[in-house]
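Close look at the chain arrangement
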Amino acid sequence: MRTYILKYKYENLVHIILLALNAAIFVSASVTLALMTNQLVSKQIQSFLALLGLEVGLYVIYLVLNYIITVHQAKLIQKMSLVIRLSYLSKITHHSFSEFRKIDIGEHLSVLNNDIQLIESNGFTSIYILCSTVFTTLFSIIALLSYDVRIVLLVILLTLCLTYLPKPFATKMKKAMERFSKANEELVSGISDQLYGYADVYYASRKHIFLRQVKSIVEDYISQKIIYTKRSTSTETLMSLFSVIAQMLILLLTGLLIIFGNIAVGTIASVGQISGNIFNSLSTINQLQVTIKSVEPILRKFEDYPTVSKSDLPIFQDINFKNVRYSFGENAIIKGFTQTFKEGGKYAITGCSGSGKSTLLNLLLGNLKDYEGKILFGKLESKEIDENSIVSACAYVGSQTHIYNDTLRNNLTLWNDAITDTHIKEALERVNLLSFLSRIDEQVNDGSFSEGQKQRIGLIRAFLKGSSVVIFDEATANLDHDNATRIEYQLLSDPDITFITVTHHLIKESEPYFDKIVRLGESDE
Ligand SMILES: Nc1ncnc2c1ncn2[C@@H]1O[C@H](COP(=O)(O)OP(=O)(O)OP(=O)(O)O)[C@@H](O)[C@H]1O
């Protein structure tokens, strides 16, 4: 939290000064009340009215300042939240793609939305409320000092009691907060899971399952939310009870001091309000400390961890798989695979479902590093190479293409302004989608295209990258035979292109053009 506050230190300093000013005005209004009561007791009507006017003025300034503080605070918190969101996103982009894929999209969404909201409310907002209450307490103690030192001594004694009372609740609150944050994640990832699968249950005529599953996910979340609310409210209630008892003790002492003639009778009104301020503040301060601490485990998700620096792939060279083995846990998928993928070579990888074709591509793209054997890019071992540099050298197309809610142009270029209309036209021609040229600045979304068109958009993205290494993972599976053959033929007939394609269905006409057809589940076992 400190890091983000210090990033905007000047804005935060101004904010804290505004909070101090507002607390001072609030306490001054309470002191004016005591003076007014004294004037009333001694029947000084003019002075009473003048003080009444002052009191109104103080409250007006207090309200205006309150408005300024609220707006300033909202702006400041949003700036800091943006920094936190960006640090999470840059953590994603700095680490490997396989790290990104370990976490469900719903969980990422929950971190970027729910966790940020918790940090905003329980973290930043609580810190500002904490500052405001500390100032209110400080000014209130100064005001009480002007009445009688004994009242202040009693306040300090009670303060110490109130400070140490809530410690045992802190750990419980922290745990409840951790569970609540987890429940938030499970809610978002569970609901997105069900929404993504809605089409499947719909066509299976099992729509009722969708409702049942979502209901059960929400119910789990509700039960955690209730536990969290119970725990935080019970802490608050207990602290308020201690605060009321402490306030009554102060009033008792003030009453006795008035009876024995040590202080003026009007003081009782002010002391009531000021000691109320102090104890409410104190119970708030303790509660806030607990709340702010409970944000720590959430903030840890945004901390980056050091990456081991790896070499960059200077140029794409022959790739040598030497006796490579890869297992997911106990499940051995690639069992002693040996193959050289030569620069400019054309390779097809086939095999039955689950035989490890995509796993092999992930090994080749550097997404999986915990293999046995050797994967050499020229003389460099894959484990030593930064996977980003492998990906930079290749154009990869998978079976799924995401369409952004944006223009068709941005969907093709992925916001690369250096790509000219001529490049786009050439790429469209390659995949037989020249008709898209007239729609280039149209707003599109996932529903705007057929599956085959989406896949061709994926291919265009790869072609626009202009890489000499093209890797397909079922990249033409949704295309008709003619279009698939035409696209493959362009790649197979270009001697400068290294082409590696994973497919279930080899196109008969293309087979003679491949240097090697690797059949997994046969050759590697
Ligand atoms: N992240 C993972 N964790 C555990 N097992 C995995 C993981 N990814 C893949 N597998 C397993 O590895 C095996 C090979 O998967 P892979 O996706 O490489 O097969 P494939 O040949 O591409 O299959 P398909 O043709 O169906 O796409 C499968 O049994 C799969 O269940």
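Residues numbered from 1 in each chain as written. Predicted model: local features only at pLDDT ≥ 70, side-chain atom pairs only at ≥ 80, totals over all residues. Heavy atoms only, no water.

Under the annotation held in an unreviewed UniProt entry, the protein carries the name ABC transporter ATP-binding protein and is attributed to Streptococcus raffinosi. The record in UniProt for the protein states the following under Subcellular location (unreviewed entry): "Cell membrane". (UniProt positions renumbered as here; feature names shortened; annotations may be inferred.)

**Some details on the overall build of the protein**
A count of helices and strands for the protein gives 17 helices and 11 strands. Relative to its length of 525 residues, the protein is extended, with a C-alpha radius of gyration of 34 Å against a globular reference of 24 Å. Expressed as a percentage of the 525 residues in the protein, the buried residues total 46%. In the protein, of all internal contacts separated by at least 6 residues, the share reaching a separation of at least 24 is 77%. Counting only carbon and sulfur atoms, one obtains 60% of the accessible surface of the protein, whose full area is about 27,300 Å². (Helix = DSSP H or I, 4+ residues; strand = E, 2+ residues; numbered from the N terminus. Rg over C-alpha atoms; globule rule 2.2 N^0.38 Å. Buried < 20%, exposed > 50% of the residue type's maximum accessible area, 1.4 Å probe, protein only. Contact = heavy atoms within 4.5 Å. Areas by Shrake-Rupley, 256 points an atom, 1.4 Å probe, with all protein chains shown as cover.)

**Concerning the sheet that holds strand β9 (residues 469-473)**
The strand order across the open sheet formed by five strands is β6-β9-β10-β3-β11, and the pairing between neighbours is parallel. The strands lining the two open edges of the sheet, one partner per strand, are β6 (394-397) and β11 (516-519). Between one strand and the next, the sheet's axes are offset by a mean angle of 15 degrees, whatever the strand orientation. Across five bridges, the pairing between β9 and strand β10 (residues 498-502) is parallel. Following the sheet pairing, Asp-473 is matched in β10 by Val-502. Strand contacts of helix α12 (residues 357-364): β3 (346-350), β6, β9 and β10, with the helix running at about 150 degrees to β9, the strand carrying the most contacts. (Pairing = 2+ DSSP bridges. Axes fitted to C-alpha atoms, helices over the stretch in contact; angles between N-to-C directions.)

**A word on helix α2 (residues 9-41)**
Across its 33 residues, α2 extends 48 Å between first and last C-alpha, which sits within 8% of the 48 Å expected from 1.5 Å per residue. Just downstream of α2, Lys-43 is the residue with a positive phi angle, here 55 degrees. (Expected span 1.5 Å × (residues − 1).)

**Some remarks on the domain arrangement of the protein**
Domain parsing of the protein yields domain 1 (2-300) and domain 2 (319-519). Summarising the inter-unit geometry, the C-alpha centres of domain 1 and domain 2 are found 52 Å apart. (Domains from an automatic or database assignment.)

**Structural notes on a nonpolar patch on the surface**
The grouping of Ile-45, Leu-49, Leu-52, Val-56, Val-60, Val-64, Tyr-67, Ile-68 and Val-71 at the surface amounts to a nonpolar patch, some 810 Å² of accessible area in total. With respect to the helices and strands, Val-56 occurs in helix α3 (residues 45-94). (Patch = residues over 30% accessible without salt bridge, like charges linked within 9 Å, V, L, I, M, F, W, Y side chains within 5 Å. Salt bridge = Lys/Arg side-chain N within 4 Å of Asp/Glu carboxyl O.)

**Let's talk about the nonpolar core**
Phe-124, Leu-144 and Phe-302 are the most contacted members of the largest nonpolar core, which totals 66 residues. At 13 residues, helix α5 (residues 105-145) tops the list of elements feeding residues into this core. Those residues in contact with Leu-144 that sit more than four places away from it in its chain are Ile-151, Val-152, Val-155, Val-271, Ile-274 and Ile-278. Membership of the second largest hydrophobic core comes to 35 residues, among which are Phe-472, Ile-487, Phe-499 and Ile-507. (Core = buried A, V, L, I, M, F, W, Y, C linked by side-chain atoms within 4.5 Å.)

**Comments concerning helix α17 (residues 481-492)**
Over its 12 residues, α17 runs 16 Å from end to end, which matches the ideal 16 Å to within 8%, given 1.5 Å per residue. Among the residues of α17, Asn-483, Ala-484, Thr-485, Ile-487, Glu-488, Leu-491 and Leu-492 are the ones counted as buried. Buried positions along α17 lie against β3, α15 (421-430), α16 (451-465), β9 and β10.

**Notes on the site of the ligand**
The environment of the ligand is formed by Phe-328, Ile-333, Cys-352, Ser-353, Gly-354, Ser-355, Gly-356, Lys-357, Ser-358, Thr-359 and His-504. Protein chains shield 55% of the accessible area of the ligand, which is 630 Å² for the free molecule. The leading source of residues in the shell around the ligand is α12, at three residues. Of the residues that constitute the shell around the ligand, the class distribution is three nonpolar, seven polar and one charged. (Near = heavy atom within 4 Å. Nonpolar A, V, L, I, M, F, W, Y, C, P; charged D, E, K, R; others polar.)

**Digging into the packing of aromatic side chains**
Taken as a whole and judged by the stated rule, the model has 15 aromatic pairs. Relative to Tyr-347, the ring of Phe-341 lies with its centre 5.0 Å away and its plane at 80 degrees, an arrangement referred to as edge-to-face. Here Phe-341 matches Tyr-347 in class, with each residue buried. Put simply, the rings of Phe-321, Phe-337, Phe-341 and Tyr-347 touch in pairs and so form one group of aromatic residues. Positioned over the ring face of Tyr-371 is Lys-383, at 4.4 Å from the centre of the ring. (Phe/Tyr/Trp six-rings, centres within 6.5 Å; stacked < 30°, edge-to-face > 60°. Lys NZ or Arg CZ within 6 Å of the ring centre and 35° of its normal.)

**Thoughts on the pairing of strand β2 (residues 331-341)**
Summarising the sheet, strand β1 (residues 319-328) and β2 pair through eight bridges and their orientation is antiparallel. Bridge pairing in β2 places Ser-327 opposite Ala-332. Between β1 and the antiparallel strand that follows it, β2, lie two residues; Gly-329 among them carries a positive phi value of about 60 degrees.

**Overview of the sheet that holds β1**
The antiparallel open sheet is built from four strands, whose spatial order is β2-β1-β4-β5. On the outer flanks of this sheet lie β2 and β5 (380-381), each paired with one strand and no other. When β1 meets strand β4 (residues 372-377), the two strands line up antiparallel, connected through five bridges. By the bridge assignment for β4, Phe-321 is matched with Ile-375. Along the sheet, α12 contacts β1, β2 and β4; its crossing angle with β1, the most-contacted strand, is approximately 125 degrees.

**What about the packing of α3 against α5?**
Angle between the axes and distance between the axes are the two parameters that describe a pair of packed helices. In contact at an axis separation of 10 Å, α3 and α5 are set at 140 degrees when each is read in the N-to-C sense. Crossing geometry of α3 relative to α5 is assigned as right-handed. Here α3 contributes Gln-73, Leu-76, Ile-77, Gln-78, Met-80, Ser-81, Ile-84, Arg-85, Tyr-88, Leu-89 and Ile-92 to the contact with α5, which in turn contributes His-108, Val-111, Leu-112, Asn-113, Ile-116, Ile-119, Glu-120, Phe-124, Thr-125 and Tyr-128. A class-by-class count of the residues in the contact of α3 with α5 yields 13 nonpolar, six polar and two charged. (Left-handed = near helix turned anticlockwise from the far one by under 90°.)

**Some details on the pattern of salt bridges**
Under the definition given, this model contains 15 salt bridges. A salt bridge links Lys-301 to Glu-185, with the shortest nitrogen-to-oxygen separation between them at 2.2 Å. Residue Lys-301 is located in the loop between α11 (296-300) and β1, and its partner Glu-185 is located in helix α7 (residues 167-196); the two are separated by 116 residues in the primary sequence. Among the salt bridges present, the one from Arg-409 reaches Asp-421, with a minimum N-O distance of 2.6 Å. Of this pair, Arg-409 sits in helix α14 (residues 408-413) while Asp-421 is found in helix α15, placing the two residues 12 residues apart along the sequence. Classification of Asp-421 as partly exposed rests on a relative accessible area of 47%.

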